[in-house]
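For reference, the chains in residue letters:
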Amino acid sequence: MRRYSFVLLLAILVGCGQSTATVQPSQISQSQQQTTTADQVMPTATAISTEPVSQIRVVTTMSILADVIKQVGGDRVIVDNIIPLGAGPEDYQATPGDSQKIADANIVFFNGHALEEWLEPLFENAGGSEQPRVELSAGFVALEADHAGEEHADEEHSDEHAHEEGNPHFWLDPTYVMSYTVTIRDQLSAIDPSGKAVYAANAESYLGQLEALDQELQGLAAQIPVERRKLITNHDAFPYFAKRYGFEVAGVLLENPEAELSAGDLSTLIESVKASGVPAIFSESQFNQKTAELLADEAGIKTIAVLYTDTLGSETATSYIDMMRYNMNTIVAALK
């Protein structure tokens, strides 16, 4: 009991001494403020007990989200990620063990926008209706899955594409990850008030790193002539990246990651690639490279570059920031 009282007193003193570390809207980049106020509504979740805890058990769906949560939570969180490294979220096959992970968690974070359609049955099996389950993209206005250059999704045609709620790959634009970071900070603070100052300080530091990353990526993209900023990719993961950094998504091999490219579709895509004059095709780490290799061979393209989109890597892209830096450097090398 004495030890608990001492820890509680120490937490109060630390919280009082570091209250100025809380991230204010003015401390987030101007571009992020515009994105949040114009296009987004910050997600909310029902908080559970606010009793102090030594560590928060967090479950998330993707390795990319797990990394962001660790950046904010630091040593106060234990993050258990559902989808194995190297696998994608759209065709993941959930297991009974995943329900148990959720049941054991204090809080669950997921991307949302129908990316993890397999998640709802896990929630039902895990029970725990009072457990906070936070959709990080809640309130975001999605781009249409195959209209990367358009400002907003066209609801009239949303049923024609693989993602019924619009394209869910917000994280490939770092300004959206800034919003993820703020939401994670606030939700962790809600269930662990004694760690609020820690989460605020960690989030402030990480927001600064994301701002610096965005500026770095802008500079790298500027090295590519505008007419060569065209992307041919495995699936439609790049509309937010393309919009942010001035690229055109000139072609997508598979509109639905679970589908196969028919002979007719391949022939049409080959002609489209030839007409676009793109010098490279970008495959993705979680996919088989054979389709990209076939297209490149038929279209006379010599360069096939592998990017990371839905998962981190075991060596090259071990964090979100490293992944984004690697992707842009790879794109610049292929298109410059």
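Quick look at the structure, then.

Cut-offs used in this document
- Residues numbered from 1 in each chain as written.
- Predicted model: local features only at pLDDT ≥ 70, side-chain atom pairs only at ≥ 80, totals over all residues.
- Heavy atoms only, no water.
- Buried < 20%, exposed > 50% of the residue type's maximum accessible area, 1.4 Å probe, protein only.
- Helix = DSSP H or I, 4+ residues; strand = E, 2+ residues; numbered from the N terminus.
- Pairing = 2+ DSSP bridges.
- Right-handed = clockwise from strand over helix to strand, strands pointing away.
- Contact = heavy atoms within 4.5 Å.
- Axes fitted to C-alpha atoms, helices over the stretch in contact; angles between N-to-C directions.
- Parallel < 35°, antiparallel > 145°, perpendicular 65-115°, else oblique.
- Nonpolar A, V, L, I, M, F, W, Y, C, P; charged D, E, K, R; others polar.
- Phe/Tyr/Trp six-rings, centres within 6.5 Å; stacked < 30°, edge-to-face > 60°.
- Salt bridge = Lys/Arg side-chain N within 4 Å of Asp/Glu carboxyl O.

**Some thoughts on the pairing of strand β6 (residues 248-254)**
Most of β6 is tucked away, with five of its seven residues classed as buried. Bridge count between strand β5 (residues 230-235) and β6: five bridges; the pairing is parallel. The residue of β6 that forms the bridge with Leu231 is Val249. The β-α-β motif built from β5, the intervening helix α8 (residues 239-245) and the parallel element β6 has right-handed crossover chirality.

**Section: the environment of Ile232**
Position of Ile232 relative to the elements: it lies in strand β5. The spatial distance from the C-alpha of Ile232 to the C-alpha of Pro279 is 9.6 Å, given a sequence separation of 47 residues. Excluding residues within four positions of it along the chain, Ile232 makes contact with Ala250, Gly251, Leu253, Val273, Val278, Ala280, Ile281, Phe282 and Leu295.

**With respect to unusual backbone geometry**
Phi at His113 takes a positive value of approximately 55°, unusual for a residue other than glycine. With respect to the helices, strands and loops of the structure, His113 is situated in the loop between β3 (107-110) and α5 (119-126). His113 gets classed as buried once you look at its relative accessible area, which sits at 8%. In the Ramachandran plot, Ala114 falls in the positive-phi region, its phi being about 65° despite a non-glycine side chain.

**Things to note about the packing of helix α6 (residues 174-191) against helix α7 (residues 196-221)**
Close contact between α6 and α7 brings their axes to 9 Å; oriented N to C, the two are set at 175°. On the basis of their axis angle, the class for α6 and α7 is roughly antiparallel. Touching Pro174, Thr175, Val177, Met178, Thr181, Val182, Arg185, Leu188 and Ser189 of α6 are Lys196, Tyr199, Ala200, Ala203, Tyr206, Leu207, Leu210, Glu211, Leu213, Asp214 and Leu217, all from α7. Within the contact of α6 with α7, the residues separate by chemical class into 13 nonpolar, three polar and four charged.

**Let's talk about the packing of aromatic side chains**
Evaluated as defined, the whole model comprises 12 aromatic pairs. Ring centres of Phe140 and Phe170 lie 5.0 Å apart, and the angle between their planes is 80°; this geometry places the pair in the edge-to-face category. Taken as a pair, Phe140 in the loop between β4 (133-135) and α6 and Phe170 in the loop between β4 and α6 lie far apart in primary sequence, 30 residues in all. For the pair shown, Phe140 and Phe170 are each scored as buried. Grouping aromatic residues by their ring pairs yields a cluster made of Phe140, Phe170, Tyr176, Tyr180 and Tyr240.

**Thoughts on the pattern of salt bridges**
Applying the stated criterion across every chain yields a total of six salt bridges. Arg325 serves as the salt-bridge partner of Glu216, at 2.9 Å between the closest nitrogen and oxygen. Of this pair, Glu216 sits in helix α7 while Arg325 sits in helix α11 (residues 320-335); the two residues are 109 residues apart in sequence, bridging distant segments of the chain. For Glu216, a relative accessible area of 29% gives the class partly exposed. On the basis of relative accessibility, which here comes to 29%, the residue Arg325 falls in the partly exposed class. Through salt bridges with shared partners, a single network forms among Glu216, Asp322 and Arg325.

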